[in-house]
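Observations on chain architecture
Residues per chain are reported as follows:
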Amino acid sequence: PHLAALVLARGGSKGIPLKNIKLLAGVPLIGWVLRAAIDAGVFHSIWVSTDHDEIEKVAKQFGAQVHRRSPEVSQDSSTSLEAIREFLNHHHEVDIVGNIQATSPCLHPSDLIKVADLIQKEGFDSVFSVVRRHQFRWSEVKKGENKMTEPQNLNPAKRYRRQDWPGELYENGSFYFAKRHLIEKGYLQGGKMAYYEMRAEHSVDIDIDIDWPIAEQRVLSFGYFGKEPLKEVKLLVCSIEGCLTNGRIYVTEDHKEMVSYDYRDIVGIDLLKKRGIQVRLISERDCSKTLSAMQLGCVARVSATNKLQVLKDWQEDLGLSWKEVAYLGNEESDVECLKQAGMSGVPADACTAAQKAAGYICKSRGGCGAVREFTEHIFLLLEKVSSARKQ
C-alpha cells in the first residue's frame with residue numbers, strides 16, 4: 001500500500017504570520033518535520049498541502065512535493081480532515097496518509113518508522129501520537145456557580161507520589177496515520193486503533209505548549225539534525241564580504257577603501273579561538289590591507305577564485321572530516337562550500353541560492369552580528385554533541 005506523508009501548512013495564521021516557514025533554530029519550522037519524514041525512509045511520497053507560494057518554495061527546497069489546496073479548505077474554520085480528504089480526492093494512488101503536524105519540530109525518524117510498522121505490518125487502521133503526563137485534574141467551577149470543585153483523577157487523601165503513579169496518556173497532535181477508507185468516512189481515528197507514545201522531550205507543540213525562544217532551545221537539545229551523528233566543529237571558515245562585513249565598500253576622495261564591521265563579530269571569533277576552534281577567512285577580493293588593519297590574527301586567503309578548492313585544501317591540511325568544518329557564506333560563490341561543510345550558515349540578507357544551501361539562516365545581517373550569532377549556534381550544537389556522548 002502507498003503510504004504518503006502529508007504536512008498541512010496554510011499561509012494564514014492567527015498568531016504568527018507565515019509561522020510554518022518562520023525560522024526555528026535557523027531552519028524553517030516545516031523543515032524539521034520534512035527532514036524527519038524523508039530520513040525515515042518509510043514513505044512512498046512526501047507532500048505539503050498549502051495555499052501559499054513561499055511555503056511551496058520551502059517545501060520543495062526540503063524535498064517534498066506540493067499539493068495546492070483550494071480556498072475552500074484554506075479558511076480559519078477549515079479542519080485538517082477536510083484538507084486531507086481533498087488531498088486524497090486528487091491522489092488516488094495513496095492508500096494510507098501519515099498526517100504530520102508542522103508545529104512538532106522535535107519529531108524523529110525512529111518514531112515514524114515504528115508507526116509505519118504498526119499500520120503496515122500489524123494491521124492497525126489508525127495510529128496517533130500521545131505523550132504521558134503526570135498532572136492531577138479537577139472539575140471546573142464556572143463563575144457564579146454555587147458548588148465546589150471535585151477531583152477527577154486522584155484521591156486527595158491519598159495523593160500519589162509522581163514515581164508511584166504511571167500518569168495518563170494525552171494526544172499531543174504530532175501525527176495521525178489513517179487508512180483511506182477511514183478518512184473517506186470522515187474519521188482520522190477509528191477501526192483497529194493504536195496509540196504511539198512519544199518521549200516527553202520530543203513532544204513539542206509550539207502552537208500549544210511553548211513559545212518561540214523556548215522552542216528553539218528544546219529543538220537544539222532534542223531535535224533531529226540528520227542521519228549522521230554530530231561531531232565537534234574544529235574549523236570555521238567565514239566569507240569576509242557580506243558576512244564579516246556588510247559588503248559595502250566606502251571610497252574616500254584619495255581613493256582609499258574603507259569597510260565597517262561589528263565588534264560583536266570580533267568577540268565571536270575570539271570566543272571560538274578560546275574554545276580551540278580555528279577561524280579562517282576567505283574572500284574573492286584582494287582585501288589584505290583591510291585584514292591587516294582589523295588585526296584578527298586569522299589565517300586568510302584573498303583573491304580566491306575557487307573557494308571550494310581552498311576549503312578542501314584547508315580541510316585536508318588539518319586532517320578534518322567534513323562534519324568538523326563549519327562555513328559561513330552569503331553569495332553564489334559560497335554555495336558549494338555551504339553544501340560541503342558539515343555545518344553551514346548564512347546571514348539574513350544572503351542571496352537566495354546561499355540560503356537554500358545553508359543549514360542555518362541567521363536573524364542578523366552580514367556585518368551586523370551574523371558571525372557572533374553563528375558562533376552561538378555552533379556552541380549550542382557542541383553542547384548537544386557533549387550531551388549525546390554522556391548518554
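Residues numbered from 1 in each chain as written. Predicted model: local features only at pLDDT ≥ 70, side-chain atom pairs only at ≥ 80, totals over all residues. Heavy atoms only, no water.

Looking at an unreviewed UniProt entry, the protein carries the name N-acylneuraminate cytidylyltransferase, with the source organism given as Grallaria varia. Of the comments in the UniProt record for the protein, the one headed Pathway (unreviewed entry) reads "Amino-sugar metabolism; N-acetylneuraminate metabolism." The Sequence similarities (unreviewed entry) field of the UniProt record for the protein holds the comment "Belongs to the CMP-NeuNAc synthase family." (UniProt positions renumbered as here; feature names shortened; annotations may be inferred.)

1. Thoughts on the state of the cysteines
According to the stated counting rule, one finds zero disulfides in the structure shown. This cysteine, C243, is not joined by any disulfide, and C238 carries the nearest cysteine sulfur, 4.9 Å off. Free of any disulfide, C337 has its nearest neighbouring cysteine sulfur in C243, separated by 11 Å. A relative accessible area of 0% means that C337 is categorised as buried. (Disulfide = S-S within 2.5 Å. Buried < 20%, exposed > 50% of the residue type's maximum accessible area, 1.4 Å probe, protein only.)

2. A short note on the sheet that holds strand β15 (residues 325–328)
Taken in spatial order, the six strands of this open sheet run β14-β13-β10-β15-β16-β17, and their pairing is parallel. Edge strands, defined here as strands with exactly one partner in the open sheet, are β14 (299–301) and β17 (360–361). As paired elements, β15 and strand β16 (residues 343–346) share three bridges and run parallel to each other. The residue bridging A326 from the neighbouring strand is M343, located in β16. (Pairing = 2+ DSSP bridges. Helix = DSSP H or I, 4+ residues; strand = E, 2+ residues; numbered from the N terminus.)

3. Details of the pairing of strand β8 (residues 168–179)
Direction of pairing for strand β6 (residues 96–100) relative to β8: antiparallel, over a ladder of five bridges. Following the sheet pairing, I100 is matched in β8 by F175. Here strand β7 (residues 126–133) pairs with β8 via seven bridges, running antiparallel. By the bridge assignment, V131 is partnered in β8 with Y170.

4. As for the domain arrangement of the protein
Once the domains are mapped, the protein shows domain 1 (3–134 + 161–222) and domain 2 (235–389). Centre-to-centre separation of domain 1 and domain 2, based on C-alpha positions: 35 Å. Counting from both sides, the interface comprises 10 residues of domain 1 and, opposite them, 10 residues of domain 2. For the pair domain 1 and domain 2, the number of links is one salt bridge. Measuring nitrogen to oxygen at the nearest pair gives 3.5 Å for the salt bridge that ties K363 to E216. Counting every contact that joins domain 1 to domain 2 gives two residue pairs in polar contact (both at pLDDT 80 or more). Counting residues per element, the side of domain 1 that touches domain 2 draws most heavily on helix α6 (residues 212–222), which supplies five residues. Residue composition of the side of domain 1 that touches domain 2, by class: five nonpolar, four polar and one charged. (Domains from an automatic or database assignment. Contact = heavy atoms within 4.5 Å. Salt bridge = Lys/Arg side-chain N within 4 Å of Asp/Glu carboxyl O. Polar contact = N/O pair within 3.5 Å; in protein donor to acceptor, adjacent residues only side chain to side chain. Nonpolar A, V, L, I, M, F, W, Y, C, P; charged D, E, K, R; others polar.)

5. Remarks on the environment of L311
Topologically, L311 is positioned in helix α10 (residues 307–317). Residue classification places L311 among the buried positions, given a relative accessible area of 1%. The spatial distance from the C-alpha of L311 to the C-alpha of V325 is 9.2 Å, given a sequence separation of 14 residues.

6. With respect to the sheet that holds β7
Ordered by their spatial adjacency, seven strands build an open sheet running β5-β4-β1-β6-β8-β7-β9, and the pairing between neighbours is mixed. Bordering the open sheet on either side are β5 (65–68) and β9 (193–197), each of which pairs with just one other strand. The average undirected angle you get between the axes of adjacent strands in this sheet is 30 degrees. Relative to β5, helix α2 (residues 53–61) is tilted by about 160 degrees, and along the sheet it contacts β4 (45–50) and β5. Strand contacts of helix α4 (residues 109–120): β1 (3–8), β6, β7, β8 and β9, with the helix running at about 65 degrees to β8, the strand carrying the most contacts. (Axes fitted to C-alpha atoms, helices over the stretch in contact; angles between N-to-C directions.)

7. A word on the side chain of H91
Its location among the elements puts H91 in the loop between α3 (80–90) and β6. If we skip the residues at most four places from it in the chain, H91 touches W47, H67 and R180.

8. A look at unusual backbone geometry
One non-glycine residue, S303, lies in positive phi territory at about 55 degrees. Along the chain, S303 falls in the loop between β14 and α10. A relative accessible area of 40% places S303 in the partly exposed class.

9. Digging into α10
Those residues of α10 not exposed but buried are K307, L308, V310, L311, W314 and Q315. Considered in projection along α10, the buried side chains sweep an arc of 160 degrees and stay on one side of the axis. Set apart from the buried face of α10 by more than 90 degrees, the exposed residues are E316 and D317. Residues of α10 that are buried sit in contact with β10 (235–239), β13 (278–282), β14, β15 and α11 (335–340). The opening residue of α10 is N306, an N-cap whose side-chain oxygen sits 3.3 Å from the backbone nitrogen of L308. (Arc of directions from axis to C-beta.)

10. Here's the deal with α6
Here α6 has its buried residues at W212, A215, E216, V219 and L220. Taken down its axis, α6 places every buried residue within 135 degrees of arc, on the same side.

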